[in-house]
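# Overview (structure and organization)
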Amino acid sequence: MTNPLIQLLVLAAIAIFLILRLRNVLGTRDGFEPPQEEAPVAKRRFEVIEGSADEVDHDIVDLVDADSPAATALAAMKRAEPSFGVHDFLTGAKSAYEMILMAFENGDLSDVRPFLAEPVADAFQSVIDHRKAQGYSVQAQFLGVRETTLASAEFDAQSGLAEVSVRFVGELIAATRDAEGNVVDGDPKTSRKQRDVWTFARRMGQDDPNWQLVATG
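Residues numbered from 1 in each chain as written. Predicted model: local features only at pLDDT ≥ 70, side-chain atom pairs only at ≥ 80, totals over all residues. Heavy atoms only, no water.

### Describing the overall build of the chain
Tallying secondary structure elements over the chain gives 6 helices and 5 strands in all. Each helix and strand of the chain, placed in order from N terminus to C terminus, yields the pattern α-α-α-α-α-α-β-β-β-β-β. The proportion of buried residues among the 217 residues of the chain is 31%. Restricting the contact set of the chain to residue pairs at least 6 apart, pairs at least 24 apart contribute 58%. In the form shown here, the chain has an accessible surface area of approximately 14,500 Å², with 53% of it arising from carbon and sulfur atoms. (Helix = DSSP H or I, 4+ residues; strand = E, 2+ residues; numbered from the N terminus. Buried < 20%, exposed > 50% of the residue type's maximum accessible area, 1.4 Å probe, protein only. Contact = heavy atoms within 4.5 Å. Areas by Shrake-Rupley, 256 points an atom, 1.4 Å probe, with all protein chains shown as cover.)

### Focus: the environment of T199
Turning to its location among the elements, T199 is positioned in strand 4 (residues 192-203). Since its relative accessible area comes to 12%, T199 is described here as buried. As a C-alpha pair, T199 and S152 span 47 residues in sequence and 8.8 Å in three-dimensional space. What T199 contacts, discounting residues up to four positions off in sequence, is E163, V164, S165, Q212, L213, V214 and A215.

### Some remarks on the packing of aromatic side chains
Evaluated as defined, the whole model comprises 10 aromatic pairs. Consider the rings of Y97 and F142, whose centres lie 6.5 Å apart with planes at 70°: the pair is edge-to-face. With Y97 in helix 5 (residues 86-106) and F142 in strand 1 (residues 137-156), the pair connects residues that are 45 residues apart, well separated along the chain. Like Y97, the residue F142 is buried in the burial classification. These aromatic residues form a ring-pair network of at least three members: F84, F89, Y97, F142, F168, W198, F200 and W211. The ring centre of F104 lies 5.0 Å from the NZ or CZ of R131, which sits over that ring. (Phe/Tyr/Trp six-rings, centres within 6.5 Å; stacked < 30°, edge-to-face > 60°. Lys NZ or Arg CZ within 6 Å of the ring centre and 35° of its normal.)

### Some words on the confidence of the model for the chain
Mean pLDDT over the chain stands at 83; residues scoring 70 or higher make up 75%. Every residue in residues 21-36 scores below 50 in pLDDT, and together they form 2 contacts with partners more than four places removed in sequence or on other chains. Segment residues 38-53 is flagged for pLDDT under 50; beyond a separation of four residues in sequence, or across chains, it makes 0 contacts in the model. (pLDDT = per-residue confidence, 0-100.)

### A word on the packing of helix 5 against helix 6 (residues 118-134)
Axis separation between helix 5 and helix 6 bottoms out at 9 Å; the angle between their running directions is 30°. For the element pair helix 5 / helix 6, the angle class is roughly parallel. Side by side, helix 5 and helix 6 meet where I100, F104 and E105 of the first sit next to F124, V127, I128 and R131 of the second. Each residue belonging to the contact of helix 5 with helix 6 can be placed in one class, and the counts come to 5 nonpolar, no polar and 2 charged. (Axes fitted to C-alpha atoms, helices over the stretch in contact; angles between N-to-C directions. Parallel < 35°, antiparallel > 145°, perpendicular 65-115°, else oblique. Nonpolar A, V, L, I, M, F, W, Y, C, P; charged D, E, K, R; others polar.)

### Re the side chain of R202
Turning to its location among the elements, R202 is positioned in strand 4. The class for R202 is buried, based on a relative accessible area of 7%. Among the polar contacts listed, one links the side chain of R202 to the backbone oxygen of D208, at a separation of 2.9 Å. If we skip the residues at most four places from it in the chain, R202 touches E81, G160, L161, A162, D208, P209, N210 and W211. (Polar contact = N/O pair within 3.5 Å; in protein donor to acceptor, adjacent residues only side chain to side chain.)

### Some words on helix 5
Here helix 5 spans 30 Å end to end across 21 residues, near enough to the 30 Å set by a 1.5 Å rise per residue. For helix 5, the set of buried residues is V86, F89, L90, A93, A96, Y97, I100, L101, M102, A103, F104 and E105. G107, located one to two residues past helix 5, shows a positive phi value of around 75°. (Expected span 1.5 Å × (residues − 1).)

### Description of the nonpolar core
Residues L74, M77, F89, L116 and F200 are the most contacted members of the largest nonpolar core, which totals 41 residues. Sorting the residues of this core by element identifies helix 4 (69-80), helix 5, helix 6, strand 1, strand 2 (161-177) and strand 4 as the ones contributing at least two each. The element best represented in this core is helix 5, accounting for 11 residues. Apart from residues lying up to four places away in sequence, F89 is in contact with F84, V164, V166, F200 and W211. (Core = buried A, V, L, I, M, F, W, Y, C linked by side-chain atoms within 4.5 Å.)

The following block contains the structure:
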């Protein structure tokens, strides 16, 4: 047997071996095979998720019950002013709470007056004036807001006036001293929690983005 013939037989054997290996790994396809359809369960699941995203505003329902009057009012506010975000509002309200509370404790409302409705500003100022008349001074250190919860919301579609009440739990160290330096209220070494419900108001759709504190409780 000549060398060319031997080489030909060896190459043929290798080719047959490779074909058999490929058939084992890849399988075979005989005739026409239609493409497989998507699993019905997966398709239904996608449709449900897609529909929910269109119907549910988590900026609202994550904070209040979807069927509550507060949810209805908040949705109306967002229709009147599409840029309004409830979570963003609560973030701003939390900052305003600390700023206004400490201004009151320190006896100087000048920086926060634009955020106070006139009756609230007058009430705060009367307490500050009374403390000064008594010779009292307050030492206060704010430790943080431990809880911020949306309590209620109302919206007047005719006037565009929105009111949102927020429940705060703040923690601070505060002590009131008389003219001689004696502590007459609070404790300069022990923190205390302060619970407040503040109501903020604003006319939706106006250029001024600031809310005003209109009631405290």
